[in-house]
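A look at the structure
Residues per chain, in single letters:
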Amino acid sequence: MGSSLPSVAEQLLKDLQRTYLETKQIPDDLLIAKLRFVFGPCALQALDLVDQRSVTCVSSPSGRDAFQVLGGSGRLYTCFTSCHYCPCPAFSFSVLRRNESLMCKHLLAACLSQAMGLWQQEQVSDQQMTHILSGQTEAST
Amino acid sequence: MADILGVVFRRFASGNVTSDVMFPSHVEGNTLLLLGDVNISRSVLFLAAVTAATDLGLKVLFFTQTPFQSLPVSLRASIPGLKLESLKNVKFVYVKSLEDLREDIASLHELASEAASPSSLIIVDSLDHYLHGSRVGPLQDDLSPVAHVAALLHDTAAFLTQILQSRADGQGLCRVMVSFQSEREGSRDSEALAPELLLSVLDRYLQVRCTLEEVKRDGEVGQNEWQVYLSVVCPSQVQQWHMVLQTGGALEFSPVIGGEQQILDQPDESKQENERCGDG
């Protein structure tokens, strides 16, 4: 897989992006059904996270940015959407170890947010960004 | 990354080399995993670093746990006329732990705003040593640390590529090269993760694989010869080279004629590969 998804998943995210740009509306039932088919049960959970505005794009003066997703447990996960990584246990087990899922709900939420432009924005310093990227910073509400 | 290895192979080829190390243009080949014995891998990494710095004028970051004191490859034998000032573009960073390695890589963006050009090649020597030193216990999932550092390298390279392209009229690429020894003496205990599992995780984030397989003659190693396999996962392609460590210490490469091939059907690997490539 490398950093790329299967082509059907990539195309679906592009369709979602195009649809949202045109209609400014959350995906209709058909698109949601496709998301569930491709990404599995975590699709609805990911859409819920997007609805709840749980995805934040943190940016620093260097131009570097990263997506942080607030999970249901209150833990904050820093996801890399460029190459598909999330530090949560579900990603480690279902995606990395078992290869059963393409993504976890946090990573999918970040990708969906990116496709639809629906994220909170937060500015941090370059040093704070280093801590976030290296996994040293994790906040819980 | 395959482009730099192509330069290395042609630069240190025995005789004229007409075949190029080329992959289809739609394959992102800027991240590479080097598999092989720790010593020869280190030598190849060093050659790649010096070649990138001298022949291509690239800035190189070389992360390693162990300072270079001696090499099985005599650099001067491989690169006669090498001047020390040519190595000024290679910055060696001696990092002891996985945590320090992650922090150093994560901090590379802090240098991007400086006037000096960011690194175009990031090398990590013996990632397996960093992972082995960081294991936290038998019940802890050990896949996330290796995925994190590999993904961080990939994401950092993507960011630095954007910086390089913004400064060079759309040109410029930041590459990553990571060496990993999948089988280590004494490492196969009951708590160790299967090497295949670790490699499958690394394959997600490092798209090109370069395998150094020592040649055995009459069942014996130590012939100072290796078969070199360059492969990408999607689409499956393999290029084969031959590498010899000469008596004087120099490394020489030669292409294997007819060494380009599609990966043959192997039941387990082809199923996994199809899943990754999204076929069927």
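Chain A is annotated in an unreviewed UniProt entry as Zinc finger SWIM domain-containing protein 7-like of Sinocyclocheilus anshuiensis.

**Description of the overall build of chain A**
A tally of regular secondary structure across chain A gives six helices and four strands. Whereas a compact globule of 141 residues would reach a radius of gyration of roughly 14 Å, chain A reaches 15 Å, a difference of no more than 12%. With respect to the principal axes defined by its C-alpha atoms, chain A has extents near 45 × 35 × 30 Å. The buried share among the 141 residues of chain A stands at 53%. Residue pairs in contact within chain A that sit at least 24 positions apart in sequence constitute 59% of those at least 6 positions apart. Total accessible area on chain A is roughly 6600 Å²; 49% of this is exposed by carbon and sulfur atoms. Within chain A, the 12 negative side-chain charges are centred at a point lying 5 Å from the centre of the 11 positive side-chain charges.

**Details of the packing of aromatic side chains**
Applying the stated criterion across every chain, the model contains seven aromatic pairs over all chains. Residues Y85(A) and F91(A) carry aromatic rings whose centres are separated by 5.9 Å and whose planes lie at 80 degrees to one another, so their mutual orientation is edge-to-face. F91(A) shares its class with Y85(A); the two are buried. Linked through ring pairs, F46(B), F62(B), F92(B) and Y94(B) together constitute an aromatic cluster.

Criteria and thresholds
- Residues numbered from 1 in each chain as written.
- Chains lettered and ligands numbered in written order.
- Predicted model: local features only at pLDDT ≥ 70, side-chain atom pairs only at ≥ 80, totals over all residues.
- Heavy atoms only, no water.
- Helix = DSSP H or I, 4+ residues; strand = E, 2+ residues; numbered from the N terminus.
- Rg over C-alpha atoms; globule rule 2.2 N^0.38 Å.
- Buried < 20%, exposed > 50% of the residue type's maximum accessible area, 1.4 Å probe, protein only.
- Contact = heavy atoms within 4.5 Å.
- Areas by Shrake-Rupley, 256 points an atom, 1.4 Å probe, with all protein chains shown as cover.
- Lys, Arg positive; Asp, Glu negative; His and termini not counted.
- Charge placed at Lys NZ, Arg CZ, Asp CG, Glu CD.
- Phe/Tyr/Trp six-rings, centres within 6.5 Å; stacked < 30°, edge-to-face > 60°.

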